[in-house]
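The lines below spell out each chain.
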Amino acid sequence: MQKLATAHDLQQRLKTALDTVEREFTTLSDEQLRWKPAPDKWSIVECLQHLNLAERFYIRNLQHKVDKLGLIQTAPVDQTLESDLVGKALRYIVDPQSKLKFPAPGMIRPRTAAELQPADVIGQFLDLQTLLLGMLDKAVYMDWNREKLMTIFGNWLKINLGDAARMLVAHTERHLNQAMRVKAEINTFAG
């Protein structure tokens with residue numbers, strides 16, 4: 001897997017995620033966005049808030065690295081992406097195709113739907129994903145195998161930039177799929 005092709009693919013997938021949220025969720029009422037299919041399941045707004053909490057952490061770390069980047073190159077250098085055990089494991093856990101369910105760590109667990117303002121949560125989601133989309137333009141100038149980002153588990157567990165970028169987009173897709181299932185249940189329940 002090559003860095004430049006991967007970056008382009010991730011950007012296309014982020015654009016799809018942004019389009020999905022705008023098309024599918026911005027027209028819903030606050031009541032629909034807060035509706036939960038079961039007491040132990042997340043609502044649409046909780047899915048989006050979880051993404052905001054988790055991805056804000058990684059995007060801030062990436063932003064810090066991108067801000068320090070002095071663009072001397074005129075064109076990014078492509079490279080073959082490598083994954084280590086940590087990167088492979090984290091990407092597997094959040095992969096939309098994975099059937100494994102892991103509880104969200106406390107720091108990225110959303111407040112209850114009743115406590116969330118859906119318009120604010122959606123706005124934050126759109127802002128964060130748009131920021132990540134733009135940062136990928138600059139991140140291609142970095143070494144995606146050598147640059148490391150701290151994980152939400154602490155500074156002792158780091159992930160390389162290539163794995164982090166792929167993990168973030170997969171995580172977004174996983175929870176947007178979850179939110180779309182909730183929306184389908186709302187329509188079934190209402191219909």
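Residues numbered from 1 in each chain as written. Predicted model: local features only at pLDDT ≥ 70, side-chain atom pairs only at ≥ 80, totals over all residues. Heavy atoms only, no water.

For this particular structure, what's the right way to read the overall build of the protein chain?
The helix and strand tally for the protein chain stands at six helices and two strands. Reading the protein chain from its N end, one meets helices and strands in the order α-α-α-α-α-β-β-α. A globule of 191 residues ought to have a C-alpha radius of gyration of about 16 Å, and the protein chain, at 17 Å, matches this closely. The buried share of the protein chain, reckoned over its 191 residues, is 46%. The long-range share in the protein chain, meaning contacts at least 24 apart out of those at least 6 apart in sequence, stands at 84%. As displayed, the protein chain has an accessible area near 10200 Å², and 54% of this comes from carbon and sulfur atoms. The averaged location of the 23 negative side-chain charges in the protein chain is 4 Å from the averaged location of its 25 positive side-chain charges. (Helix = DSSP H or I, 4+ residues; strand = E, 2+ residues; numbered from the N terminus. Rg over C-alpha atoms; globule rule 2.2 N^0.38 Å. Buried < 20%, exposed > 50% of the residue type's maximum accessible area, 1.4 Å probe, protein only. Contact = heavy atoms within 4.5 Å. Areas by Shrake-Rupley, 256 points an atom, 1.4 Å probe, with all protein chains shown as cover. Lys, Arg positive; Asp, Glu negative; His and termini not counted. Charge placed at Lys NZ, Arg CZ, Asp CG, Glu CD.)

Looking at this structure, I do not really get the pairing of strand S1 (residues 148-151). What am I missing?
A regular strand places its side chains on the two faces of the sheet in alternate fashion. Where S1 and strand S2 (residues 154-160) come together, four bridges link them in antiparallel fashion. By the bridge assignment for S2, Leu149 is matched with Ile159. A loop of two residues connects S1 with S2, the two strands running antiparallel in sequence. (Pairing = 2+ DSSP bridges.)

Would you mind going over the nonpolar core with me for this structure?
Across soluble globular proteins, you tend to see nonpolar side chains buried next to one another. Core analysis: the largest hydrophobic core is formed by 55 residues, its most contacted members being Val21, Phe25, Ile44, Leu48 and Trp144. For this core, the elements supplying multiple residues, two or more each, are helix H1 (3-24), helix H3 (44-68), helix H4 (85-94), helix H5 (118-139) and helix H6 (161-190). For Ile44, the contacting residues outside a window of four places in its chain are Phe25, Leu28, Gln32, Leu33, Trp35, Ala179, Val182, Lys183 and Ile186. (Core = buried A, V, L, I, M, F, W, Y, C linked by side-chain atoms within 4.5 Å.)

Looking at this structure, I do not really get the layout of surface pockets. What am I missing?
Volume-wise, the largest pocket comes out at about 990 Å³. Around the largest pocket, the lining is made up of 33 residues, and of these Lys101, Phe102, Arg174, His175 and Gln178 lie nearest the centre. Sorting the residues of the lining of the largest pocket by element identifies H3, H4 and H6 as the ones contributing at least two each. For the lining of the largest pocket, the element with the highest residue contribution is H6, accounting for ten residues. The class makeup of the residues in the lining of the largest pocket is 19 nonpolar, six polar and eight charged. Considered as a void within the structure, the second largest pocket measures approximately 180 Å³ in volume. Considering the residues around the second largest pocket, the lining is formed by Met1, Thr6, Asp9, Leu10, Arg13, Arg91, Asp95, Arg166, Met167 and Ala170. (1 Å grid on protein atoms, 1.4 Å probe; cavity = no way out; pocket = protein on both sides within 12 Å on 5 of 7 lines; lining within 4 Å. Points joined across faces, edges and corners; volume = space filled by probe spheres on them. Nonpolar A, V, L, I, M, F, W, Y, C, P; charged D, E, K, R; others polar.)

Is there a simple way to explain the packing of aromatic side chains in this structure?
How two aromatic rings sit relative to each other is set out by the distance from centre to centre and by the angle between their planes. On inspection of all chains with the given rule, the structure shows one aromatic pair. Taken together, a centroid distance of 5.2 Å and an interplanar angle of 85° make the contact between Phe57 and Tyr58 edge-to-face. Grouping residues by exposure puts Phe57 and Tyr58 together as buried. (Phe/Tyr/Trp six-rings, centres within 6.5 Å; stacked < 30°, edge-to-face > 60°.)

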